[in-house]
Amino acid sequence: MKNMILLVLTSAMLFLNSCSKDDNAGADALQAPVANPAKDITNTGFRAKWMYVSTAQSYLLDVSENADFETFIPNYNSKPVTDLNEVVTGLDGGTRYYYRVRAKRNEEISAYSNVISVVTNGVSSIPEDPTFLKVKVSQLQNPFYVGMAVKADQLVSGSPYDVILKNEFSSISAEYEMKMNPISVASGVYNWEAADKIVTYGSNNGINVHGHALVWHMAVPNWLANYQGTDAEFSNEVKKYITDVVTHYAGKVTSWDVVNEAVDDNTGNLRNTIFLQRMGPNYVNQCFQWAQEAANAAGDTDLLLFYNDYATSTNIPKQNRMYELIDALKASNLIDGIGFQMHNTYLSPTKSQIETDINRAVGKGLKIHISELDIQVNPFNDISTFTNERRLDQKDKYKEIVKIYNAIPAANKYALTIWGMRDNDSWIPYNAELNHPGNDWPLLYDSNFAIKSAHTGFLQGLD
């Protein structure tokens, strides 16, 4: 019995000793610090802060202008710090920086902390990159058109619009004036004035013209919206319009958005438009067929035909239904490409969502047009002025999207089109559905025609 008690006690001591060693081993592992938001932010610096690591003797601080820390701010590459904070100095105003920290004990160094982003106060002294967009794109191994949406009354010789367009852009799209209701006055009666001015401007200046758009449910002229003929006669009117417009611009317009926004946002079905109601579910294919037949009859066999839509990167039912349309068109050899509008915000869609959406089109061998790009910085109306933080968020998002586009195969590239020139020309700040009180700054130029950080971001996306 005595021996049994001694055996139990010995086993218990060995077990406790083993647990103690395991606990000490766990305690001995040098933990990564947790970085805290910066404090005391000024025009030229900030205070980096982090949590205490119990066994650390010191810390190593990194500061960079890149979230991936490809480069470092001088003197802030693994800078030794013995406190739990460090005042970072010698920085530029109005600029985004990132910091991270590691713990150090003797020769042992922990893993990195989380990364903290901080924007210094004031106005950046770093000038924006003035390189012309189309010049830098033309130097790429696989260049593409750089486009902008225009209005006919902006195309005045010698105006700021004219100068910037000729310097920066190699393609134009009519913002509204090449849609059905501005052109079609009555059956077979057309007002070509504004559309002709846009097309002529492109032709005279060596600028590509993308046609936008032949069929859109929000641009139906009154005479057609109230058409009293049969459904078959309605279809013939749509066919006549498409045929006449494609023929009128044969050899002058290199591509058309044939059908715009045919898929419903909420159901993932075809949008319940007058075209669906009167022409049936095959109307999209019919419109493409008529456009193709008109181009061939006019000898314009190089005309590219696109389907154009928005929010397909985040709305998966809509994305899936769009690709069902695309597959049907492709099976009939009626489509050349997809227009992704990309009316995005600085937060959404994510890089992964955009890549997934676009790569589906790449996999189908189609040309890709980022057709209406702008980036909202105030989607929740939480700012009343264009802050440095949002300015840099927007810059990063433009860079991200251009980088994604530039990475696709050459055979799939067509154009990347910005939807307007100046912030105050954009539809976004004044769109009632978006509920903006006039406060958003979505484009590459400010109201004074000065380039913004977004313009620099576009250029950086080409690197």
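Here is what the cut-offs are and how they apply
- Residue positions are given per chain, counted from 1 along the sequence in the order it is written.
- Thresholds applied to this predicted model are a pLDDT of at least 70 for local features of residues and 80 or more for the giving and counting of side-chain atom pairs; totals over whole chains, interfaces and linings are not thresholded and use all residues.
- Computation of side-chain values: all heavy atoms of the structure, hydrogens and water removed.
- At least two bridges found by DSSP between two strands are what make those strands a pair.
- Secondary structure elements follow DSSP: runs of H or I of four or more residues count as helices, runs of E of two or more count as strands, with numbering from the N terminus.
- Working convention: axes come from line fits to C-alpha atoms, limited for helices to the stretch in contact. Angles between N-to-C directions cover 0 to 180 degrees.
- Relative accessibility decides the category of a residue: with a 1.4 Å probe and only protein chains considered, values under 20% of the type maximum give buried, values over 50% give exposed, and everything between is partly exposed.
- Centres within 6.5 Å make a pair out of two Phe, Tyr or Trp rings, where for Trp the six-membered ring is used; the pair is then stacked when the planes are under 30 degrees apart, edge-to-face when over 60, and tilted otherwise.
- Consider the ring centre and the ring normal. A charge sits over the ring if Lys NZ or Arg CZ is within 6 Å of that centre and within 35 degrees of that normal.

A.B. asks: What is the right way to look at the sheet that holds strand 2 (residues 46-50) in this model?
C.D. replies: Strands pair in a sheet through their backbones, by hydrogen bonds, and they do so in one of two ways: parallel or antiparallel. Read from one edge to the other, the open sheet built from 3 strands follows the order 1-2-5, with strand pairing classed as antiparallel. Both edges of this open sheet fall to strand 1 (35-39) and strand 5 (85-88), since each of them pairs with a single strand only. Within the sheet, the average angular offset between the axes of one strand and its neighbour, ignoring direction, is 20°. Of the strand pairs in this sheet, strand 1 and strand 2 are connected by 3 bridges, and their pairing is antiparallel. From the neighbouring strand, N36 faces strand 2, where its bridge partner is K49.

A.B. asks: Would you mind going over the pairing of strand 10 (residues 171-174) with me for this structure?
C.D. replies: Along a regular strand, successive side chains alternate from one face of the sheet to the other. Alternating positions in strand 10 separate into two faces, S171 and S173 on one and I172 and A174 on the other, with burial throughout. Alignment of strand 9 (residues 145-150) against strand 10, held across 4 bridges, turns out to be parallel. Along strand 10, the bridge assignment pairs V150 with A174. Where strand 10 meets strand 13 (residues 208-216), 3 bridges bridge the pair, whose relative direction is parallel. What sits directly across from S173, in strand 13, is H210.

A.B. asks: Sorry, what's going on with the packing of aromatic side chains here?
C.D. replies: For any pair of aromatic rings, the description rests on two quantities: the centre-to-centre distance and the angle between the ring planes. In total, this model carries 15 aromatic pairs according to the counting rule given. Seen in terms of ring centroids, F46 and Y99 are 5.6 Å apart; in terms of plane orientation they differ by 20°. Their pairing is stacked. Of this pair, F46 sits in strand 2 while Y99 sits in strand 6 (residues 96-105), and the two are 53 residues apart along the sequence. Across this residue pair, the class does not change: F46 and Y99 are buried. Residues F275 and Y283 carry aromatic rings whose centres are separated by 6.0 Å and whose planes lie at 20° to one another, so their mutual orientation is stacked. This pair shows no difference in class: F275 is buried, exactly as Y283 is. Among the aromatic residues, those joined into a cluster by ring pairs are W223, Y227, F234, F275 and Y283. Of note, R100 hangs over the ring of F69, and the distance from its end group to the ring centre comes to 4.0 Å.

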